Amino acid sequence: MKLSRVVFGLLAAALLTTCARRPTKLEIYDVVINHVTIVDVRTGQLTPNQVVAIAKGKIVSVQLADKDSYAARQYVNGNGRYLIPGLWDMHVHFRGGDSLAAANKKSLTLFLAHGITTVRDAGGDLTPSIFQWRRDMDAGRLAGPRIFTSGPKIDGPGAYWPGSLEVETKAQISKALDSLQRLKVDYVKIYDSKISGAAYLETIRQAQRRGLKTTGHMPYSVKLSDAVKRGLDATEHLYYVFKACSGKEDSLTTLVRNSLSTSKPLGLFATLPAVYDTYSPAAAARIFALMAKRHMAAVPTLYIGKTLTELPENDHARDTLLAYIDPKIQSTYQRRLTNARVQPLASQNFSKNLEAKFMSMIPAMQAAGVTLLAGSDSGPFNSFIYPGASLQEEVILLVKAGLTPLQALQAATLNGARFMGVAEQTVAIAPGKDADLVLLTANPLEDIANIKKIDAVISRGKAYPAAALANMIRAIRNR
């Protein structure tokens, strides 16, 4: 990896006017990337030998490169390299209360160093900190990815996660949504630890009437098709899509619903074996078609499933990235690790079979037109799901599941931008778009693992060459 050279100087007026495609005024750009191959994640087209000029956080020019010199505060050599839009992680968590705020903040560096320039926080209890980080990043005081956030989750009484907004009645749901709108969150995240089926569907209904985007987990007492028809915009993980793929979904839903008034209510994990045994390709085709028709997205989070399933047999003590995870966050990994070590062998085998089934659903969902969003679920309490690196692994798993490298790249770039409603201002490498980019030393369309071969990251129009990224990571290493 080569260290970028900072170049100062002015373009001669004669050079500016010799070609119609050149800018017509004297200008010093913030960043110039020269002789680079641009990867169009919309079409898969490669455009070689381009020069990309950036100013004030935006791409201002994309032209065929030639012998002309370009004045820039930061000059990035793109020769033999591939330029892609910055990656999006569409499911992360910043959480753990004020005592973990500083520890969470360190993950911003890890995201950026791994080419993730945008993340979607899927609910937690650090909303004031997140908004402060956003202000600091917008002002140039802090380096890190752009953050979309749901703020606190909505759940039922006695919710599992601290900071959740607990709802049961229509009035409580309305009050919770009022508070989220006052916070100016980017979407609404619904969780399923305690929320009733009726409150879940009512939350979607009220949010839709307010123009709020909704995503979430889902109680197994509700059918996914009902949530889709109410307007649910995305489902997190595949457990809920999986239940809708059962040929016995109606009877299983009724069984769960009837159990809630007993001393042994059935939940997701108790019901999964029955769902697995009754998986129906015809039912799967029906729910995929409905999701595609209603433009409902899915965030598979394959990598966390794989990692947690393999916890009993994998020793993560020597993971390289563990040195950059704050000890306070490492301590939150212990619960899942302890549970994994006492998990019966039969349960371990079922988990592996379940993850394989989830993998098999990916190409069918893609073929049906379901929007797939790449998300890692990284954050405190999710053991060894390292910020940044886990999103790279998620994209690689999407290809192993059956997507093409281009489709996997779209899940980690274009699809996220479209879902959040900002595709017009970002993702495409074209004039007027946000300058959030990743420079790779190899073509990701030939081998998706090449997304790990990062030569530079451009975030908010500032270039961070490999050496600078290494220094940033070194600064957060545990002492």
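Note that this is a predicted model, so its numbers are computed, not measured.

Caption draft 1: Molecular detail of the overall build of the protein. Tallying secondary structure elements over the protein gives 19 helices and 18 strands in all. Counting only C-alpha atoms and orienting by the principal axes, one finds that the protein spans roughly 80 × 50 × 45 Å. Taking all 479 residues of the protein together, the buried fraction comes to 57%. Long-range contacts, defined here as pairs at least 24 residues apart, represent 74% of the contacts in the protein between residues at least 6 apart. Accessible surface for the protein amounts to roughly 19,900 Å². Of this, 52% is attributable to carbon and sulfur atoms.

Caption draft 2: Molecular detail of the nonpolar core. In terms of nonpolar packing, the biggest core is built from 129 residues, with Phe94, Leu224, Met291 and Met365 touching the most fellow members. Considering every element that reaches this core, the biggest residue donor is helix H16 (residues 389-401), with 7 residues. In this view, Met291 contacts Leu224, Val228, Thr235, Val241, Met296, Ala297, Ala298, Met365 and Val370; residues no more than four positions away in its chain are not counted. By size, the runner-up hydrophobic cluster in this structure holds 16 residues, among which are Val31, Val36, Ile59 and Leu437.

Caption draft 3: Just the side chain of Ser150, in detail. You can see Ser150 is positioned in the loop between strand E8 (146-149) and strand E9 (154-155). Here the side chain of Ser150 touches Gly123 through a polar contact of 3.1 Å, landing on its backbone nitrogen.

Caption draft 4: Layout of unusual backbone geometry. You will see that His35, though not glycine, has its phi angle at about 55°, which is positive. With respect to the helices, strands and loops of the structure, His35 is situated in strand E1 (residues 29-39). On the accessibility criterion, His35 (28% relative accessible area) is partly exposed. A positive phi is found at Phe381, a non-glycine position, where the angle reads about 80°. Tracing the chain through its elements places Phe381 in the loop between strand E15 (371-372) and H16. Taking the relative accessible area as the measure of exposure, Phe381 reaches 24% and is therefore partly exposed.

Caption draft 5: Examining the packing of aromatic side chains more closely. In the structure shown here, the tally under the stated rule is 14 aromatic pairs. Judged by centre distance (6.4 Å) and plane angle (80°), the ring pair of Phe94 and Phe111 falls under edge-to-face. Here Phe111 lies in helix H3 (residues 107-113) and Phe94 lies in the loop between strand E6 (87-92) and helix H2 (101-105), a separation of 17 residues in the sequence. No difference in accessibility class separates Phe94 from Phe111, as the two residues are buried. Note on Tyr160 and Trp161: the rings are 5.0 Å apart at their centroids and 90° apart in plane angle, and the pair reads as edge-to-face. Ring pairs connect the aromatic residues Tyr220, Tyr239, Tyr240, Phe242, Phe269, Tyr276, Tyr279, Phe350 and Phe358, which therefore count as one cluster. A cation sits over an aromatic face here: Lys213 above Phe419, 4.7 Å from the ring centre. Between Lys357 and the ring centre of Tyr279, over which it is positioned, the NZ or CZ distance is 4.4 Å.

Caption draft 6: Representation of the confidence of the model for the protein in the model. Per-residue confidence for the protein averages 93 on the pLDDT scale, and 94% of its residues sit at or above 70. Contacts of residues 1-25 to residues separated by more than four positions or lying in other chains number 46 contacts, the stretch itself having pLDDT below 50.

Caption draft 7: Here's a closer look at the pattern of salt bridges. With the rule as written, the count across this model stands at 17 salt bridges. Of the charged contacts, one joins Lys243 and Glu249 as a salt bridge, the two residues approaching to 4.0 Å between their closest N and O atoms. We note that Lys243, like Glu249, is buried.

Caption draft 8: Representation of the sheet that holds strand E7 (residues 116-121). Spatially, E6-E7-E8 is the arrangement adopted by the 3 strands of the open sheet, whose pairing is parallel. The sheet is open, and its two borders are formed by E6 and E8, each paired with just one other strand. Sheet twist, expressed as the average angle between the axes of neighbouring strands with direction ignored, equals 20°. Each of E7 and E8 touches helix H4 (residues 127-138); the most contacted strand, E8, lies at about 150° to it.

Caption draft 9: View of the environment of Ser107. With respect to the secondary-structure elements, Ser107 resides in helix H3. The spacing of Ser107 and Arg205 is 98 residues in sequence and 35 Å in space, taken between C-alpha atoms. When residues no more than four places from it in sequence are discounted, the contact partners of Ser107 are Phe94 and Pro387. Only 2.6 Å separates the side chain of Ser107 from the backbone oxygen of Asn104, close enough to count as a polar contact.

Caption draft 10: Here's a closer look at helix H19 (residues 466-475). Buried within H19 we find Ala466, Leu469, Met472 and Ile473. Down the axis of H19, the buried side of the element spans an arc of 120°, and every buried residue falls inside it. Looking at the buried residues of H19, the elements they touch are H3, strand E17 (454-459) and strand E18 (462-465).

Caption draft 11: The side chain of Thr426, seen in detail. One can find Thr426 in the loop between helix H18 (414-419) and strand E16 (437-440). Those residues in contact with Thr426 that lie beyond four places of it in its chain are Trp88, Ala417, Lys433 and Asp434.

Caption draft 12: Up close: the pairing of E18. Where E17 meets E18, 4 bridges bridge the pair, whose relative direction is antiparallel. Within E18, the residue paired with Ser459 across the bridge is Lys462. Remark: 2 residues form the turn of the hairpin made by E17 and E18, two consecutive strands paired antiparallel; Arg460 in that turn has positive phi of roughly 55°.

Caption draft 13: Highlighting the UniProt feature "domain: Amidohydrolase-related" (unreviewed entry) in the protein. Per the UniProt entry, the sites bearing "domain: Amidohydrolase-related" (unreviewed entry) are residues 82-462 in this numbering. Overall, residues 82-462 shows 44% helix and 13% strand. The separation of its end C-alpha atoms is 18 Å.

Reading guide: rules and limits
Residues numbered from 1 in each chain as written. Predicted model: local features only at pLDDT ≥ 70, side-chain atom pairs only at ≥ 80, totals over all residues. Heavy atoms only, no water. Helix = DSSP H or I, 4+ residues; strand = E, 2+ residues; numbered from the N terminus. Buried < 20%, exposed > 50% of the residue type's maximum accessible area, 1.4 Å probe, protein only. Contact = heavy atoms within 4.5 Å. Areas by Shrake-Rupley, 256 points an atom, 1.4 Å probe, with all protein chains shown as cover. Core = buried A, V, L, I, M, F, W, Y, C linked by side-chain atoms within 4.5 Å. Polar contact = N/O pair within 3.5 Å; in protein donor to acceptor, adjacent residues only side chain to side chain. Phe/Tyr/Trp six-rings, centres within 6.5 Å; stacked < 30°, edge-to-face > 60°. Lys NZ or Arg CZ within 6 Å of the ring centre and 35° of its normal. pLDDT = per-residue confidence, 0-100. Salt bridge = Lys/Arg side-chain N within 4 Å of Asp/Glu carboxyl O. Pairing = 2+ DSSP bridges. Axes fitted to C-alpha atoms, helices over the stretch in contact; angles between N-to-C directions. Arc of directions from axis to C-beta. UniProt positions renumbered as here; feature names shortened; annotations may be inferred.

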